[in-house]
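# Structural characterization, general
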Amino acid sequence: MSYLNDLLFGIYPYLAGSVFLVGSWVRYDREQYTWKSGSSQMLSNAGMRRASNLFHVGILTIFFGHLVGLLMPHAFYAPFMSAGTKQVIAIVIGGIAGVACLIGAALLLQRRLYNPRIRASSTAADILILVILMVQVVLGLFTIFASLGHLDGSVMLLLAGWAQGIVTFNGGAADYLVGVSFIYKLHIFLGMTVFLLFPFTRLVHVWSAPVKYLARSYQIVRQR
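Rules and cut-offs
Residues numbered from 1 in each chain as written. Predicted model: local features only at pLDDT ≥ 70, side-chain atom pairs only at ≥ 80, totals over all residues. Heavy atoms only, no water. Axes fitted to C-alpha atoms, helices over the stretch in contact; angles between N-to-C directions. Helix = DSSP H or I, 4+ residues; strand = E, 2+ residues; numbered from the N terminus. Parallel < 35°, antiparallel > 145°, perpendicular 65-115°, else oblique. Left-handed = near helix turned anticlockwise from the far one by under 90°. Contact = heavy atoms within 4.5 Å. UniProt positions renumbered as here; feature names shortened; annotations may be inferred. Buried < 20%, exposed > 50% of the residue type's maximum accessible area, 1.4 Å probe, protein only. pLDDT = per-residue confidence, 0-100. Expected span 1.5 Å × (residues − 1). Core = buried A, V, L, I, M, F, W, Y, C linked by side-chain atoms within 4.5 Å. Phe/Tyr/Trp six-rings, centres within 6.5 Å; stacked < 30°, edge-to-face > 60°.

The next thing to look at is the packing of helix H1 (residues 2–30) against helix H7 (residues 154–167). Their axes nearest at 10 Å, the elements H1 and H7 cross at an angle of 50°. Between H1 and H7, the crossing angle belongs to the class labelled oblique. Handedness of the crossing formed by H1 with H7: right-handed. Note on element contacts: H7 touches H1 through Trp-162, Gly-165 and Ile-166, opposite Phe-9, Pro-13 and Tyr-14.

This is the structure:
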């Protein structure tokens with residue numbers, strides 16, 4: 001079991017991360033025509049805005065919440081916030097964002113499966129990655145129930161220790177997860193698998209998010 005734990009949570013993260021980065025670079029370099037979100041809004045606008053907004057706001061909140069929550073060292077927030085308080089905040093915000101994301105993903109999947117025009121333009125990868133993301137969000141919501149059993153933040157510190165160990169190339173990072181609940185391990189494993197599949201799906205459009213648009217100069221449009 002120790003070997004399996006090291007394989008899944010000590011080696012697999014680097015495999016998934018390598019495929020994520022190298023695969024994205026290769027796809028951008030060789031297949032730029034496929035580098036797109038493949039929006040289905042032009043095929044059918046019905047319910048698109050509601051579903052897309054719920055999904056994107058939810059998943060972005062979840063992503064950045066995990067990014068900050070797992071990678072911020074305890075010493076940064078310990079002077080003004082306990083680990084238990086941070087965990088409760090994560091449960092509340094993550095729970096709301098998770099439900100919003102799940103509803104949005106379900107509506108998007110319904111469009112993909114039951115709208116004939118959208119189904120005809122969808123690939124197997126489009127449907128698969130949406131299903132995987134929904135399963136991942138459901139697992140994340142299930143971890144909330146496990147977290148309610150230890151509101152002191154102890155398990156959250158173990159999860160953060162693992163994530164920080166991985167990004168700092170700590171060879172013993174997997175040891176942090178030896179005693180944590182299976183639901184956390186499954187959630188982490190599927191999350192890493194999403195990164196592994198990332199370069200082969202429409203998720204690559206995340207790299208091309210129009211961030212510069214927020215800081216661009218105003219455009220003046222005059223009537224002729």
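UniProt's feature table lists "transmembrane region" (unreviewed entry) at residues 6–26, 54–76, 88–108, 128–148 and 186–207, given in the numbering used throughout. Across residues 6–26, helical content stands at 100% and strand content at 0%; the span's end C-alpha atoms are separated by 29 Å. As annotated, residues 54–76 has a helix share of 91% and a strand share of 0%, and its two end C-alpha atoms lie 31 Å apart.

Following the sequence through the fold, Ile-132 ends up in helix H6 (residues 124–147). Looking at Ile-132, the relative accessible area reads 14%, which means it is buried. Discounting chain neighbours no more than four positions away, the residues touching Ile-132 are Leu-190, Val-194 and Leu-197.

Another aspect to go through is the confidence of the model for the chain. Scored by pLDDT, the chain comes out at a mean of 92, with 97% of its residues at no less than 70. Mean pLDDT values for the elements of the chain range from 88 in helix H5 (residues 116–121) up to 98 in helix H8 (residues 182–197).

Tracing the sequence through the fold places Gly-172 in the loop between H7 and H8. Look at Gly-172 and you get partly exposed, because its relative accessible area is 25%. Here the alpha-carbon distance between Gly-172 and Phe-9, two residues 163 residues apart in the chain, equals 9.8 Å.

On to helix H2 (residues 48–71). For the α-helix, the turn length of 3.6 residues means that residues three or four positions removed from each other point alike. Along its 24 residues, H2 runs 34 Å from first to last C-alpha, staying within 8% of the 34 Å computed at 1.5 Å per residue. Buried residues of H2: Met-48, Ala-51, Ser-52, Phe-55, Gly-58 and Gly-69, and no others. Taken together, the buried residues of H2 touch helix H4 (83–114), H6 and H7.

Turning our attention to the nonpolar core. In this structure, Phe-9, Phe-55, Trp-162, Leu-177, Ile-188 and Met-192 are the most contacted members of the largest nonpolar core, which totals 41 residues. Sorting the residues of this core by element identifies H1, H2, H4, H6, H7 and H8 as the ones contributing at least two each. Of all the elements, H6 adds the most residues to this core, at 10 residues. Not counting the four nearest positions on each side in its chain, Leu-177 is found in contact with Asn-5, Phe-9, Leu-159, Trp-162, Lys-185 and Ile-188.

Another point: the packing of aromatic side chains. Under the counting rule described, the total for this entry stands at eight aromatic pairs. Geometrically, the ring pair formed by Tyr-12 and Phe-189 is stacked, given 5.0 Å between the ring centres and 25° between the ring planes. Of the two residues, Tyr-12 is situated in helix H1 and Phe-189 in helix H8; the sequence distance between them amounts to 177 residues. Using a relative accessible area of 12% as the deciding quantity, one classes Tyr-12 as buried. Geometrically, the ring pair formed by Phe-20 and Phe-198 is edge-to-face, given 4.8 Å between the ring centres and 75° between the ring planes. Here Phe-20, found in helix H1, pairs with Phe-198, found in the segment after H8; they are 178 residues apart in sequence, far enough to count as distant. Like Phe-20, the residue Phe-198 is buried in the burial classification.

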